[in-house]
Amino acid sequence: MKKELVVNKAIRFVQNYLVGAFPIVAACMVWSSWPSDTAPSGIVWELLSYNLMLWFSMLIIFLSVLVIFPDARKKTLTRLANLKEADEREEYLTGKAASSAYLSTLSLVIFLLFISILNVSVTTIPREQAPDGKNRTLSIGLDLSLFDNKQTNPPGTLFDTKRWQVSQAALLLVVLVWQLVSFNLKARKEFDLPAA
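Residues numbered from 1 in each chain as written. Predicted model: local features only at pLDDT ≥ 70, side-chain atom pairs only at ≥ 80, totals over all residues. Heavy atoms only, no water.

Comments concerning the overall build of the protein
Then, number 1: For the protein, the count of helices and strands is 5 helices and 3 strands.
Then, number 2: Mapped in sequence order, the helices and strands of the protein form the string α-α-α-α-β-β-β-α.
Then, number 3: Classification of the 196 residues of the protein by burial places 20% in the buried group.
Then, number 4: Restricting the contact set of the protein to residue pairs at least 6 apart, pairs at least 24 apart contribute 66%.
Then, number 5: For the protein, the accessible surface area stands at approximately 15,100 Å², while carbon and sulfur atoms represent 67% of it. (Helix = DSSP H or I, 4+ residues; strand = E, 2+ residues; numbered from the N terminus. Buried < 20%, exposed > 50% of the residue type's maximum accessible area, 1.4 Å probe, protein only. Contact = heavy atoms within 4.5 Å. Areas by Shrake-Rupley, 256 points an atom, 1.4 Å probe, with all protein chains shown as cover.)

Structure follows, in structure tokens:
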């Protein structure tokens, strides 16, 4: 029991540190991306750099713990998702919220999958090759591949949606935020209903 209490306190401490130190980490990243003439330096930058390294190290360890230990995962993710299942009614409402969040996330993932494989391209072609004097072409297609391939655009390409494809990390972040927000909104709506 005492060991479990120590583990719970350690997990809570790491959670609070990761959340509390994030604004400092974000400020450090923004500061480091400034032009070179205003680049950070000195003791403040050293402290921020050490904090940044510590924060990323703690994040990697914490995420590994979440994957490996189910108790840590349950405690952390129920706190993140704001789950409270004290009685049967709350468990029922949590189940309804989870079902709604799942279906909502599924529809979002299908939409994002379609957008990610859709390719719209507007290209200019030389006048001597243009039929009837029309020197622009519109191409719409679906490109489904397991791996990202960096293709160069043909000469004369004016617009190509492949240039603005969302990264895999950004897609995962969108899905994660969408699921958490949709679940919390549904759960809050269900818990606000009067008891029958």
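Once you've had a look at it, read on.
Notes on the packing of aromatic side chains
Then, number 1: For the structure on display, the rule yields 2 aromatic pairs.
Then, number 2: Where F22 meets W55, the ring centres are 5.8 Å apart and the plane angle is 45°; that geometry is what we call tilted. Placement of the pair is F22 in helix α1 (residues 2-32) and W55 in helix α2 (residues 42-68), with a sequence separation of 33 residues.
Then, number 3: On the accessibility criterion, W55 (7% relative accessible area) is buried. (Phe/Tyr/Trp six-rings, centres within 6.5 Å; stacked < 30°, edge-to-face > 60°.)

Comments concerning the environment of Q179
Then, number 1: Take Q179: it is sitting in helix α5 (residues 168-191).
Then, number 2: On the basis of relative accessibility, which here comes to 36%, the residue Q179 falls in the partly exposed class.
Then, number 3: Among residues more than four places away in sequence, those in contact with Q179 are A101 and T105.

Quick word on the packing of α2 against helix α3 (residues 70-80)
Then, number 1: The geometry of α2 relative to α3 is characterised by a closest axis approach of 5 Å and an angle of 110° between their N-to-C directions. Classified by the interaxial angle, the pair formed by α2 and α3 is roughly perpendicular. For the pair α2 and α3, the contacting residues are F62, V65, L66, V67 and I68 in the first and P70, A72, R73 and T76 in the second.
Then, number 2: Broken down by class, the residue content of the contact of α2 with α3 amounts to 7 nonpolar, 1 polar and 1 charged. (Axes fitted to C-alpha atoms, helices over the stretch in contact; angles between N-to-C directions. Parallel < 35°, antiparallel > 145°, perpendicular 65-115°, else oblique. Nonpolar A, V, L, I, M, F, W, Y, C, P; charged D, E, K, R; others polar.)

Here's the deal with α1
Then, number 1: With 31 residues, α1 should reach 45 Å at 1.5 Å per residue; the first-to-last C-alpha distance of 43 Å fits that figure.
Then, number 2: In α1, a bend of some 45° at F22 exceeds every other bend along the element, and P23, a proline, comes one to four places later.
Then, number 3: Looking only at α1, the buried set comprises I11, V14, Q15, Y17, L18, A21, V25 and C28.
Then, number 4: The elements touched by buried residues of α1 are α2 and α3. (Expected span 1.5 Å × (residues − 1). Bend = angle between axes of the 7 residues up to and from the residue.)

Examining the side chain of N51
Then, number 1: As for its position among the elements, N51 is in helix α2.
Then, number 2: When residues no more than four places from it in sequence are discounted, the contact partners of N51 are Y17, A21, I24 and V25.

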